[in-house]
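Fold and contact review
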Amino acid sequence: MKKVIVALLAVICSHSAFAQKAEMEKVDIKMKSFPSKPLPLEIKRYHYRVLNSTPLPLPQKEAVDGYVRLDGFEFSPTSPDVIVLVYLDKYDQTLTTAAVKGMNETKYAYVIKSSLNVRLSLLTGDSRFEFYQTSTLLKPKATQYHYQSSTTYATEAAATEAGNKDESMLAAAKRECMNSTFFGIQQYLKYTHGYPTDEITIPVWSMKAKSFDYSEMDQAQTKAMDGLKSYSANGLNDENRKLFQEAIAIWEKVLLEFNPDDKKSKINVKNVGALYANLALTHNWLINDNEATRYLTMLSESRGSSWSDMIGEIVNDGIKGRQQDLKRKSNALVIEKIKSPYYVSPDFVVNKHAHRISAIQKSNSFSKKLPDERRYFEYLDNGLLSRTYTENYNPSTKGWEKRRDVHTIKYDHDLNIMYVYGEKSSTVPLYTRKFKNGKLVSQMSQRSANDSSVVKFYYNAAGQLERYVCDPHLKTPKAEVKYSYANDKLIRKEVLTEEGGQLKIDFKEEYVWSGNKLTTKTRFTLDKATGKYPEKGMGERYEYDAKGFLAVLGSGYETQTFGADDHGNIIECHTRSDDGSSNHKTYVWEPLSGNAIQYTTEVSSYIGPEKYPAFY
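Another point: the overall build of the chain. Counting its secondary structure elements, the chain contains eight helices and 27 strands. Taken over 616 residues, the chain has a buried fraction of 44%. Partitioning the intrachain contacts of the chain with sequence separation of at least 6 by distance along the chain shows that 54% fall at a separation of at least 24. With the model as given, the accessible surface of the chain reaches about 32,400 Å², and the carbon-plus-sulfur share is 49%.

Here it is in structure tokens:
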């Protein structure tokens, strides 16, 4: 039940000159509620997923488990029929002032306001479809936090300064906003989609007056209360049904003595509302919906109309819930089911990452501290890469501008295909990539209507890339790349190109490892005249820092120095060439918070240190 009937616990009939009044007793019962938006009958188990794109930390997992739940359903992380998706974004926090008027002067308090944008979705177990449309919390206040300082200040400037210095309260605003949000989520799910059992207080009335005998009303009150106690423990059964029916018989008999024109009658206009309330509620327990509705209407037209809204919530919600549940059990209830924007085909799943790339920024060639350009990465709510583009930095305006090299990525989940469109190819994709079991299996490049190529990828039983074959197009001959492994580590790569109608080895690369660390990669180009490889090839060396993260990649013509964060993500790369030129790049990563399951489609044929989509 959505509300405990507190107002009903007051005396509902005022005293009259004849000392005639309603006497109320209270019974605490447990009562199951029905959802306003039920789920299909086949839904038995649920799990949840939280996508948090805000800088705020989530509550502890145990707390989230209690907040994001569907009452009446089994919690099942491994085999859910429905997934409750909570998407948190657009956190706002503002600091303002409020005038506080005193006896002789006006002072100012600082006010901290914080809010979250929250979307809720109920997805099928595979996230392919969504029940109902994506929902927002019905009460915006549920996702807001408001704090006003108790200390006041002489000026607005002083109040603002104090607010900016109150770091503990600024932090508390973030924490309390998140806690308030999850409590709102709990309440929304509880009554919109769940079947909660609430403890509510139910009133039952008798009458009292010196001039009349209301002993039969007392008997009815006792019977109804005993019936409610049994109903709370066991649901509707023969025992409490009999008690309810006996109480109703007494009340309806007494109701015959109602005389609206005589204030001195045993049942008059001042106390008849108590009888209507008793009858409406008790018929509701017996699922006599027509009678419950009839007495509820009479209650609303009596002097007890101030209570009718609250009793009406019990009666009307019960009737509607039972009707919906009956249709649901007979599969006659129309439950909206639409294609989910959060669905990700399992074939697109590459890895679960703790972080994802947000931007790759190149520094100004004259000043390492000034940026020059950056490659920016955008993602869909479901975690798939959606767009990349390059922006130039304008030192005079200190802003990013002149967006170029825009790639837009779209997906066909049914065919497990990813399409990459360029700025000038909104209808014909530059690349068409097909995935299977998280691995790229083919890629078609479309340079023009008459110039295209297809690359097919093949994997061994361990899931390692074994080879890929490039079909010829106008500018490039047919080619094949082969990979060899030992102890699950790449040891050789051979590149074959077409020559005279046959595939022949062009060059090979050999990899040397120390434990799990790649130490050298050496390229040997085949001498076509002798058919032999040279004794020495072009090598690259890999060096690592004390934490085991890549620190240096050196080759015969340039050296790259890397810096990594505590998670092993590369955050900077300084490249210095033998001719003295150099450039500096920084990498920006986004943390994936909470228990968010994120998917990426990072694909690269490059075996090396960089952890971003190399083809962009």
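Next up on the list: the pattern of salt bridges. Side chains that carry opposite charge are capable of pairing whenever their charged atoms lie near each other. What the rule picks out here adds up to 29 salt bridges. With a shortest N-O distance of 3.0 Å, K190 and D198 are connected by a salt bridge. Residue classification places K190 among the buried residues on the basis of a relative accessible area of 15%. For D198, a relative accessible area of 8% corresponds to the buried category. Among the ionic pairs, R294 bridges to E291, the shortest N-O distance being 2.9 Å. Of this pair, R294 and E291 both sit in helix α7 (residues 289–300), three residues apart, which is roughly one turn of the helix. The network of salt bridges with common partners includes E216, E257 and K266.

In this section: unusual backbone geometry. In this structure, S127 takes a positive phi of about 65° despite not being glycine. Among the secondary structure elements, S127 is positioned in the loop between β5 (106–124) and β6 (129–136). S127 sits in the buried class, given a relative accessible area of 5%. Residue I287 is not a glycine yet carries a positive backbone phi of 60°. Following the sequence through the fold, I287 ends up in the loop between α6 (272–285) and α7. Look at I287 and you get partly exposed, because its relative accessible area is 45%.

To continue, consider helix α5 (residues 238–255). With 18 residues, α5 extends 26 Å from end C-alpha to end C-alpha; this agrees with the ideal 26 Å at 1.5 Å per step. Tucked into the core, α5 has its buried residues touching β8 (197–208), α4 (215–234), α6 and α7. Among the residues of α5, the N-terminal cap falls to N237, whose side-chain oxygen and the backbone nitrogen of E239 are separated by 3.2 Å.

For the chain, per-residue confidence averages 84 on the pLDDT scale, and 88% of positions sit at 70 or higher. Confidence, expressed as mean pLDDT per element, reaches its minimum in the chain at β6 with 81 and its maximum at strand β3 (residues 74–75) with 96. Confidence drops under pLDDT 50 across residues 1–18; counting only partners more than four residues distant or on other chains, this segment forms 42 contacts. Note on residues 593–616: pLDDT under 50 across the span, and 80 contacts to partners over four residues away in sequence or across chains.

For the rest of this paragraph, the subject is the environment of V454. Mapping V454 onto the fold places it in strand β17 (residues 451–459). Sequence-distant contacts of V454, that is, excluding residues within four places in its chain, are made with Q443, M444, V469, C470 and D471.

Attention now goes to the packing of α5 against α6. Two elements in contact, α5 and α6, have axes whose closest approach is 10 Å; the angle formed by their N-to-C orientations is 150°. One way to sum up the angle between α5 and α6 is to call them roughly antiparallel. Every pair of crossing elements has a handedness; the one defined by α5 and α6 is left-handed. The segment α5 lies against α6, with F244, I248, W251, E252, V254 and L255 engaging V272, L275, Y276, N278, L279, T282, H283 and W285. Here the contact of α5 with α6 is composed, by residue class, of 10 nonpolar, three polar and one charged.

Okay, the environment of I287 next. With 35 residues separating them in the primary sequence, I287 and R322 have C-alpha atoms 9.0 Å apart. Apart from residues lying up to four places away in sequence, I287 is in contact with L236 and R322.

One can find S149 in the loop between β7 (144–148) and α2 (156–165). With a relative accessible area of 6%, S149 lands in the buried category. Within the structure, S149 has its side chain in polar contact with the backbone oxygen of T151 (distance 3.0 Å). Not counting chain neighbours up to four residues away, the residues in contact with S149 comprise A109 and Y110.

A complete count under the given rule lists 16 aromatic pairs for this structure. Above the ring of Y295, the side-chain terminus of R294 is found at 4.5 Å from the ring centroid. The ring of Y544 carries the charged tip of K517 above its face, separated from the ring centre by 5.8 Å.

This paragraph deals with the nonpolar core. Core analysis: the biggest nonpolar cluster contains 44 residues, and I29, I202, L228, W251, W285 and I311 have the highest contact counts within it. F377, I409, Y411 and Y483 belong to the second-largest nonpolar core, a separate cluster that totals 35 residues.

Next up on the list: the packing of α4 against α5. Between α4 and α5, whose axes approach to 8 Å, the crossing angle comes to 155°. If you check the angle between α4 and α5, you find them roughly antiparallel. Taken as a pair, α4 and α5 cross one another with a handedness that is left-handed. When α4 is examined against α5, the residues E216, M217, Q219, A220, Q221, K223, A224, D226, G227, L228, S230 and Y231 are found in contact with a partner set consisting of E239, N240, L243, F244, E246, A247, I250, W251 and V254. Considered class by class, the residues forming the contact of α4 with α5 number 11 nonpolar, five polar and five charged.

This part is about α7. With 12 residues, α7 should cover 16 Å at 1.5 Å per step; its first-to-last C-alpha distance of 16 Å lies within 8% of that length. All of the buried residues in α7 are D289, A292, Y295, L296 and L299. The arc that holds every buried residue of α7, seen down its axis, measures 135°, which confines them to one face.

As a further point, take the pairing of strand β23 (residues 538–544). As defined by bridge partners, strand β22 (residues 517–525) adjoins β23 across four bridges and the pair is classed as antiparallel. Each bridged residue has a counterpart across the sheet, and for K521 the counterpart in β23 is E540. The sheet contact formed by β23 and strand β24 (residues 550–554) spans four bridges and is antiparallel. Bridge pairing in β24 links E543 to V552. The antiparallel pairing of β23 with β24 creates a hairpin that spans five residues between the two strands, and G548 there sits at a positive phi of about 90°.

Mapped onto the elements of the fold, A142 is located in the loop between β6 and β7. With 24 residues separating them along the chain, A142 and V118 place their C-alpha atoms 9.9 Å apart.

Here is what the cut-offs are and how they apply
Residues numbered from 1 in each chain as written. Predicted model: local features only at pLDDT ≥ 70, side-chain atom pairs only at ≥ 80, totals over all residues. Heavy atoms only, no water. Helix = DSSP H or I, 4+ residues; strand = E, 2+ residues; numbered from the N terminus. Buried < 20%, exposed > 50% of the residue type's maximum accessible area, 1.4 Å probe, protein only. Contact = heavy atoms within 4.5 Å. Areas by Shrake-Rupley, 256 points an atom, 1.4 Å probe, with all protein chains shown as cover. Salt bridge = Lys/Arg side-chain N within 4 Å of Asp/Glu carboxyl O. Expected span 1.5 Å × (residues − 1). Polar contact = N/O pair within 3.5 Å; in protein donor to acceptor, adjacent residues only side chain to side chain. pLDDT = per-residue confidence, 0-100. Axes fitted to C-alpha atoms, helices over the stretch in contact; angles between N-to-C directions. Parallel < 35°, antiparallel > 145°, perpendicular 65-115°, else oblique. Left-handed = near helix turned anticlockwise from the far one by under 90°. Nonpolar A, V, L, I, M, F, W, Y, C, P; charged D, E, K, R; others polar. Phe/Tyr/Trp six-rings, centres within 6.5 Å; stacked < 30°, edge-to-face > 60°. Lys NZ or Arg CZ within 6 Å of the ring centre and 35° of its normal. Core = buried A, V, L, I, M, F, W, Y, C linked by side-chain atoms within 4.5 Å. Arc of directions from axis to C-beta. Pairing = 2+ DSSP bridges.

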